Every structure is written in C-alpha cells, then in structure tokens.
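Remarks on the overall topology
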Amino acid sequence: MLVTPDVLALNSARLPEDVDPQETTEWLEAMEAVLKHGGPERAKFLLETLIAVTDRAGAKMPGGVTTPYVNTIPVEDQPAFPGDRALERKIKSIVRWNAMAMVQKANKNTNVGGHIGTFASAATLYEVGFNHFFHGRSADHPGDVVFFQGHASPGMYSRAFVEGRLDETKLNNFRQELKPGGGISSYPHPWLMPDFWQYPTVSMGLGPIMSIYHARYNRYLRDRELAKTDLARVWAFLGDGECDEPESLGAISLAGREKLDNLTWVINCNLQRLDGPVRGNSKIIQELEGIFRGAGWNVIKVIWGTDWDELLKNDHTGALARRMMEVVDGEYCDYVGRDMRTAEEKVTHAKKADLITDEEDAERRGAYIRDTFFNTPELKALVEHLSNKDIAGLKRGGHDPLKVYAAYKAATEHKGQPTVILVKTVKGYGMAGDGGQGKFTNHQQKKVAIKEFRDRFELPITDDQLEHIPFYRPADDSPEMKYMKARRAALGGPQPFRNNEFVPCQPPERKGFERQYEATIQGKPISTTFAWVNLMTAICRDPHIGKLLVPIVPDEGQTFGMPPMYKTFGMYSSVGQTYTPVDKGSYTEYRESKTGQILQEGINEAGSMASWIAAGTAYSTHGVNTIPFYIYYSMFGFQRIGDLAWAAADARTRGFLMGGTAGRTTINGEGLQHEDGHSPLMAMTIPTCRTYDPAFAYELAVVIEEGINAMYVRGEECFYYLTVYNEAYDMPAMPGEHVREGIIRGLYSVKSVKPVGAKLEVQLVGSGVILNEALRAQQILAEKYNIASTVYSATSYQMLRKDAIECERHNRLHPDATKKVPFVAQVLGGTNGPIIATSDYMRALPETVAPYLNGRMLALGTDGFGRSETRKALRRFFEVDAENVTVAALYSLFQQGQLDPGTVKQAIADLGINPDAAHPWTI
C-alpha cells in the first residue's frame, strides 16, 4: 500500500482540514492504481493535467512547490551506514576539540578573531563527507572540488592536523601568518595556502556561483575532449543566511537547465545569521525548497534526527507534522538557545561564568519544549514516555550521521538534476557558556566553557591540561588514526587539496600575431576590438594553444563583432543545437554545438566571471591549460563583480579580461552608466592583475602573446586586463622589434617632431584611443607654435608603477647599493620640457607615475560622470582632446618660465576652449 497512514498524516499536516476523508481516500487509491499499472510518468501526466484544469477554473496553485517539514528520505529507504559509527564519532569529537582549541588560543593570546559556531553546527556534515564521499586526486580519479564554507575553516585545519598534514605551529599561528614557522589563513585562501585550499569562499555567495559554473565547465572540458571529468563531483557548502546574497541563488536556474548532476550543494540551515534568525517569522528550509524545486533541482531535506522517527511513525493524525510546519524558525532558535537559568540565578551569576549543570539545563529545556512545542494533549501523549532530558536531546538531522549519509548517497546517485541538501542544524552545537549553542551571539563567541566541552565530547584531556587548551592527536597506531587514514586512502587522498604541478604549453606560433603588426589598408580603419577578434580567429587555429583558448562573452558578441567566430568555432551547448537558427547559412550564423569553443553566457557578468575563473584555474584543477578570454563592457567589469575578480586572484586564476567598449569618451552616445573612465584604476588594486591600455593592433598582439607566454609557458601566476575600444581608425605598422620591450614594460616612443628652428620641447604621453589626440596635439604644437615634441604610448601605467615602487623600495632598503632607476624615468627622465599625459581615464591613472618624474608631469583625464554625446564633444567636455593637450603643454612651458602667459591665453581663445566652463567632474 502506497497510501499509508503516514502519507495521509503528512498530507494533513500541510493542507487545510479535510472535509471529506472518504473522497480523499478514493482519490489516493486511484492514484495508487495508476502508479502500480501505469507507472510514475503516467501519474505525473495526470497530476499535471489536473493542475492545468484547476488553474483554468481559477483555483490557482501555489507558486512554490514544497513538501511537509520532515525528512525527504523515509526511514525505510535509508541505506545501511557503511562506517564504524563509534570510531567516526571519536574522530569527529577530536576534530571538534582541536578546532575549538585553535580559535580559543588565537583569541586568548592575540585576540585575532576566529569563529567556531559554524563548524560546530556543521561538523557531522563534513565528517561524513571526509569519511565516505570527498574524493582526493589520484591516478584514476581527478578529485572532487569542494567549496568549503569559509567560517567552517577551523574544522578543516583541525582535521588536517589530526591527519598529520598541519603541525602544531601552524595551528598555534591561526590567523597569524607572519609569525615564525608560518601560520594559517582565516578562511580558504589559495593565494596564501597554495598547497591546501582550491577556491576562496566565505559568506558572499562566491562559492555557490563559482561551484555552478565549475560543474558546467567540467562538462565543457569533457565534451571538448580536453579532460576526463565524469568522475569529478563539485560540492558546495554554504549557510542558509548566505542564500540572501544574490550571487548564491542567482545562477541556480543554469544548473537546473544544464542538468548538472555532478553538482551537490549542502546548505547548513542552522537558522541563524550573524545577528539573529535567518527567517524568524517563517521557515528558510521551506522557502529554499520551493526556490530550488522551481529551478529544476533535486531537493533533499534532512530536518530531524533518528530520535524523531518513532514519534513521526506514531503520528497517525498528522498532528506532529502539522506542528513542525507551523512553528517558525525564530521559535526553533528559542528552543535551543534560551537561557534556562531562573531570574534569580541570572542575578546571582551576573558577574560570573558559572552555569547551571548540563543535567539541570537539559531537564529545564526539555520541560520548556514539552510545554511550548508539544502544546496539545495529542502531542503531549506522543512524548509522554520520554523524560524531559530525552526531549531536550532530540537531535536535528544535521547532527545525525545516518541521516546525512543517506542524503549524500542519494545525491551522488541521482541523475539528471543537481541536488541541494537542506540540512537543519544548531549553530554552535555542543558549545556551552553564555554565547553557547543556538544563541544569536555565538558567531562572535570567543570563549567556550572548556571543561563542559571536553566532558560532552569525551576527550582524553585531564583537568590539569585544560588551562593550556592542548591540541590532541591520537597515536599513529590508534584505531582512530588507522581508520581515518584508511578512509582517506580509499577515497584517493587528502581534502582539501590543490594541485601545484604545472606543465607548460608550447609557445604559440608567432605568425598568428604578425598580421596585427601590419598597417591597415588606407580608408579601411579598424578598432582595437576588431583587431582582437581577428587575432582570436587566427590564434584559435594555432597548433599549440588554439584548442585551449576559451572565448567568453555575456551576450555582447554583436557589439564586439564576434558573430563570425560563432560560426567558425561554435558556441558551447551541452545538448548541441536542436533548432535551425534564423541566420542559417550566413557568414555570422548563430551556431551552437556540443563541442563549441565559445561560452556565450547571456546577460550575466557574474556567471561569465565564474566561468572565467573555472577556465583560468583548470591548469591546477584538471591539469589542462585552458586560456580564457572574457570580453565584456568595461564598465560592467570590476565595479560590478569586484568580489569575484578579487577571488580570482586569490584562486591564482590565469587568463585575459578584455574591457570592451572601453573609455569614458569612446562609446558613442551611451551615457553615464556605460562610459568607463576608471576600470584600469580598479584593476590596479588587484596585485596579480597586469593592466594594459593598447592603442594599436600591434600593441594588442604583443601584449597578448607576452601574456600567454608569461602565464602558460613560463608559469607566472597572474592575469591580464586589457582595454579595447570600438572606435575605428587607421592602425600603423609596428615600427620594429625594438618597441616590444617598451610595449610590455608600459611605455615607448611613437613619434618625434622637431620643426625647423624650434627652441621649445614637450613630451606628450597618450594611451588607448586618446593617443591619437596626443598625436594631433603634436601636429598643432609644431604647426601653430613651432614647438618640438615626442609622443609616447603608455601601454600600462600599472606596469610602470609596479616597476617604480620596486625600485624605490630597493633603494630605500639598500642605501649603499647602486641606485635602481624606474623604467618610466629611464624613458622620460632625460628628456626636455614638461610631460603632458592624457587618456580616456581619470587623471589619477597617469598620476600614479608622476612622483618618479620630478614634478614634470601634468595629467589630463576624464574625471566625472559620463553622458550621451559624440566622441568629439565628450573629449572637449572632459578636456582630453588635442586642443586641451596643446593648451596644457603651453601652460606647462609657461610654468617653467619658458613661455609668456599671453601666448597661453591667446591659444585658449584660438583653439576654441571656454576657460570659464564648469569643472567636468561637477556637472
């Protein structure tokens, strides 16, 4: 019989009162017959048809689909637990102790912080994974990727210590990484711990979104035959509070649509944020269930521990299940976090750390739960055989290894959908004290009742040892150590882990880049974006690295001129192309393919960035050197997904970010939200990002070739940000190999003009498209004012500044050594006259190198909001056009005493500049 009393009870728990039980029984018996004779698919068809009929009749169905507030997996379907439960509990207790001790020591000795509440709630979730599910990297398995919840990091360090992977010095130096012997980082940081962590997380939604695109990228690698990834599972652990972050849930529809059954999320629903309940007035588990089911995920709820199974079995009327549903999360927090001392005891102990005993607390808490949760005669009858202590000890599902194991096993065996496991736990589980388990303060709890903690988890530590909070590791030949090592060996090796073996690529062939060295045909100007598309088309055919290139675009391919690449290389789709595109047969045919090379991500910068991170770390995760090029509106880059860009650097990502439609004056007519005048400055804040602003096609080609060789041949851990523009102009030929060094290092001479009889000289520095304004200013200065000048292309102020501060530091710390001269000073230091710098970005960009030029630089820039206008009008408005460069040069000569002020004033009038216009950054 499928229609059991349990089913009827659960049904009644979530629906209004049944006014006709006989009719309900008949419908259920009919459905049982359909399931028996027609199967699940026929039953599904009938239900969907009935829903459609009732919907048309006006009886609208609920928007979210949820199930009763009980475990998804019935106890009768629960698999046998394969491990030694007693040993696993001992190991878990040891891990708990060392995690607690590490945080306690850090706060006791230096007050550097640390959180224990999250891991205390999630210890069972991780230990079941470590013992039975998380695969390490081995000869026959690529290893799972686990995005660990950042605040749970003490537990990962503790387990690694017990396994012998970290020593006591490291644990003693938790959050003190600069101490002798080295320390360990606060959260998962691969940059700081490259042999341990794979990906950075913490509660900003970065782990969740990265995990989705990582799982999809595994399919991409498989379908393009670049790596064998079928065995690799992606796990993401996050908190219920973290689901408020847009990045956490913003991409779950992709996982459902792509049927990513290689992805498992475990959401630790301890019902608490840092400051209070996640959903005090409702139920976060039910909310998340509806959201994930609607997005096409398989949802498994682990709410109640084994102790509840018998109670639910005896709940023939559904009263208990109904009560479970109606109690809100704020009340569930109260059941475990309420201070059970009397008012008098609180006064007595107000200035002490004394607590009522565990026995007394359990007795009072059980009585409170009996009165407030089991609040009807029918419910009280269900638990009349239980003592108050028994009631207080009824566990939530996340602290029961049997329930957690069953959920993980079901998730890994499920096909056709990603799985989310919603696990109910108690924050700070096992912690005693005023900030103990279930209390809203326990995220920031720094002190734990050590003795009570030891007693609860039965650790072999004496009272005399407690003062020093010693770390504990069993003897190597102990049953616990043998068991732990055997389980990890069976699963292929350690977790967390990061592969640091790097196998270089062969360098790309130079011929793929050389076409960009040539001048464009007169009358057929191109933009640097178009030059990039041409370059990509060429090097995607390179015999050494072509198949490794991964172009990524967020639904702006038309803007960037990429459609020809769509047809040539195809866009990746896990199902191929099941329709005929409207432009079939054209030069720009929209071609999707299961082996497509391009990732077209839709209007989704965060998802595109997550794909870029997955591709840019594949050299480590899968040992395949995929080379991602992510092109996007430059304004929608660092300021929009800055956390992900920072995480990319932390994860040691390699690849290219291409800021398309760059500049504040270059993207015709778009306006304030689209015109970028600051992304190179934002890129400079990321230590491993090398930022370039190329003006000509050959500069672009030189930088990209250098970048590929730096990252994928020489193995340098960095990534590149290049601005590319949509303004077409004639591209000159590369002057020769002698300019290559200057392009890479950030500055080189483009053109010198010295009119006959010229006595004055200036240096003009431009970058990107505004280099053309510097060249035009050079012409004006020569023709109108008989002033000589040299124009320089500043391809990278960031590289110039990095070199300069390295020289300054060396000189400061080695006063008796030969003084190092910054490259920017080597190029400009020996020249004559003032230096005028202009770009399509804020003045602060060129001003980053001004301190190394003896006060000779005057910088122009596009400070202020963008607006809709023509390029010419915008450049005049922001005062970066040739005429303003000319006036700046004349003014600087006047400042140096080489020119009279009347000449400058007349030039302002002659060149049509309004000296009384408002500051551009104020309008």
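Residues numbered from 1 in each chain as written. Predicted model: local features only at pLDDT ≥ 70, side-chain atom pairs only at ≥ 80, totals over all residues. Heavy atoms only, no water.

Moving on, we come to the overall build of the protein chain. Each helix and strand in the protein chain was counted, giving 39 helices and 18 strands. Scaling as 2.2 N^0.38, a compact globule of 923 residues should have a C-alpha radius of gyration of about 29 Å, and the protein chain matches this with 33 Å. For the protein chain, the spread of C-alpha atoms along the principal axes amounts to about 110 × 70 × 55 Å. Counting only residues that meet the buried cut, the protein chain has 57% of its 923 residues in that class. Looking at charge distribution, the protein chain has the averaged site of its 101 positive side-chain charges lying 3 Å from that of its 113 negative ones. (Helix = DSSP H or I, 4+ residues; strand = E, 2+ residues; numbered from the N terminus. Rg over C-alpha atoms; globule rule 2.2 N^0.38 Å. Buried < 20%, exposed > 50% of the residue type's maximum accessible area, 1.4 Å probe, protein only. Lys, Arg positive; Asp, Glu negative; His and termini not counted. Charge placed at Lys NZ, Arg CZ, Asp CG, Glu CD.)

Moving on: empty space enclosed by the protein. Within this structure, the stated rule accounts for six cavities of 30 Å³ or more. Computed from the structure, the largest cavity encloses a volume of approximately 60 Å³. Looking at the lining of the largest cavity, the elements with two or more residues in it are β4 (298-302) and α19 (401-413). A total of three residues in the lining of the largest cavity trace back to one element, the largest contributor, which is β4. (1 Å grid on protein atoms, 1.4 Å probe; cavity = no way out; pocket = protein on both sides within 12 Å on 5 of 7 lines; lining within 4 Å. Points joined across faces, edges and corners; volume = space filled by probe spheres on them.)

What follows deals with the pairing of strand β2 (residues 234-239). Most of β2 is tucked away: six of the six residues are buried. On β2, burial covers both faces: V234, A236 and L238 on one face and W235, F237 and G239 on the other are all buried. The sheet contact formed by strand β1 (residues 145-147) and β2 spans three bridges and is parallel. Paired with V145 across the strands is V234, a residue of β2. Across six bridges, β2 lies against strand β3 (residues 263-269) in parallel orientation. Within the sheet, the bridge partner assigned to G239 lies in β3 and is N268. (Pairing = 2+ DSSP bridges.)

Looking now at the sheet that holds strand β12 (residues 689-692). Taking strand neighbours across the sheet as the criterion, the six strands line up as β9-β6-β10-β11-β13-β12 in an open arrangement whose pairing is parallel. Looking at which strands have only one partner, the edges of the open sheet turn out to be β9 (599-600) and β12. Direction of pairing for strand β10 (residues 627-633) relative to strand β11 (residues 656-660): parallel, over a ladder of five bridges. Among the inter-strand pairings, Y630 is bridged to a residue of β11, identified as L657.

There is a patch of nonpolar side chains on the surface, built from W27, L47 and L50 and spanning about 310 Å² of accessible area. Looking at where L50 falls in the secondary structure, it is placed in helix α3 (residues 39-56). Overall, L50 belongs to the partly exposed group, its relative accessible area being 38%. (Patch = residues over 30% accessible without salt bridge, like charges linked within 9 Å, V, L, I, M, F, W, Y side chains within 5 Å. Areas by Shrake-Rupley, 256 points an atom, 1.4 Å probe, with all protein chains shown as cover. Salt bridge = Lys/Arg side-chain N within 4 Å of Asp/Glu carboxyl O.)

Attention now moves to the packing of aromatic side chains. Inspection of every chain in the model, using the stated rule, returns 53 aromatic pairs. Judged by centre distance (5.7 Å) and plane angle (85°), the rings of F134 and F237 are edge-to-face. Taken together, the residues F134 in the loop between α5 (117-132) and β1 and F237 in strand β2 connect sequence positions 103 residues apart. Residue classification places F134 among the buried positions, given a relative accessible area of 0%. The class of F237 is buried, set by a relative accessible area of 5%. We note K424 situated over the ring of Y332; from NZ or CZ to the ring centre the distance is 3.2 Å. Cation over ring: R652 sits above W191, and NZ or CZ is 4.3 Å from the ring centre. (Phe/Tyr/Trp six-rings, centres within 6.5 Å; stacked < 30°, edge-to-face > 60°. Lys NZ or Arg CZ within 6 Å of the ring centre and 35° of its normal.)

On to the side chain of R740. Structurally, the position occupied by R740 is in helix α32 (residues 740-745). Here the side chain of R740 touches Y517 through a polar contact of 2.9 Å, side chain to side chain. Dropping the residues within four chain positions of it, R740 is found in contact with R510, Y517, V702, E705 and M734. (Polar contact = N/O pair within 3.5 Å; in protein donor to acceptor, adjacent residues only side chain to side chain. Contact = heavy atoms within 4.5 Å.)

Here we take up the side chain of R396. The topology assignment puts R396 in the loop between α18 (388-392) and α19. This buried residue, R396, is left without a salt bridge; D329 holds the nearest opposite charge, at 7.6 Å. A polar atom in the side chain of R396 sits 3.1 Å from the backbone oxygen of T425. Residues contacting R396, with those up to four places away along its chain left out, are L271, I303, W304, G305, Y332, C333, V336, K424, T425 and V426.

A few words on the pattern of salt bridges. Per the stated rule, a full pass over the model turns up 47 salt bridges. Close ionic contact of D244 with R273 constitutes a salt bridge, the shortest N to O distance being 3.0 Å. Taken together, the residues span a long stretch of sequence, with D244 in the loop between β2 and α9 (246-249) and R273 in the loop between β3 and α11 (284-294) at a distance of 29 residues. R273 gets classed as partly exposed once you look at its relative accessible area, which sits at 37%. Across the pair E287 and R279 runs a salt bridge whose closest N-O atoms are separated by 2.8 Å. Under the relative-accessibility criterion, R279 is labelled buried at 17%. Via salt bridges that share partners, E773, R776, R876, D881 and E883 belong to a single interconnected network.

Attention now goes to the nonpolar core. Core analysis: the largest hydrophobic core is formed by 201 residues, its most contacted members being I212, W265 and I704. Looking at this core, the element that brings in the most residues is helix α31 (residues 697-713), giving eleven residues. Look past the residues within four positions of I704 in its chain and what remains in contact with it is F513, W532, L535, F629, F656, M658 and L722. (Core = buried A, V, L, I, M, F, W, Y, C linked by side-chain atoms within 4.5 Å.)

Residues lying three or four places apart along an α-helix face the same way, a consequence of the helix completing one turn every 3.6 residues. With 15 residues, helix α16 (residues 358-372) extends 21 Å from end C-alpha to end C-alpha; this agrees with the ideal 21 Å at 1.5 Å per step. Every buried residue of α16 is accounted for by A362, R365, G366, Y368, I369 and R370. Packed against the buried residues of α16 are α14 (329-337), α17 (377-382) and α18. (Expected span 1.5 Å × (residues − 1).)

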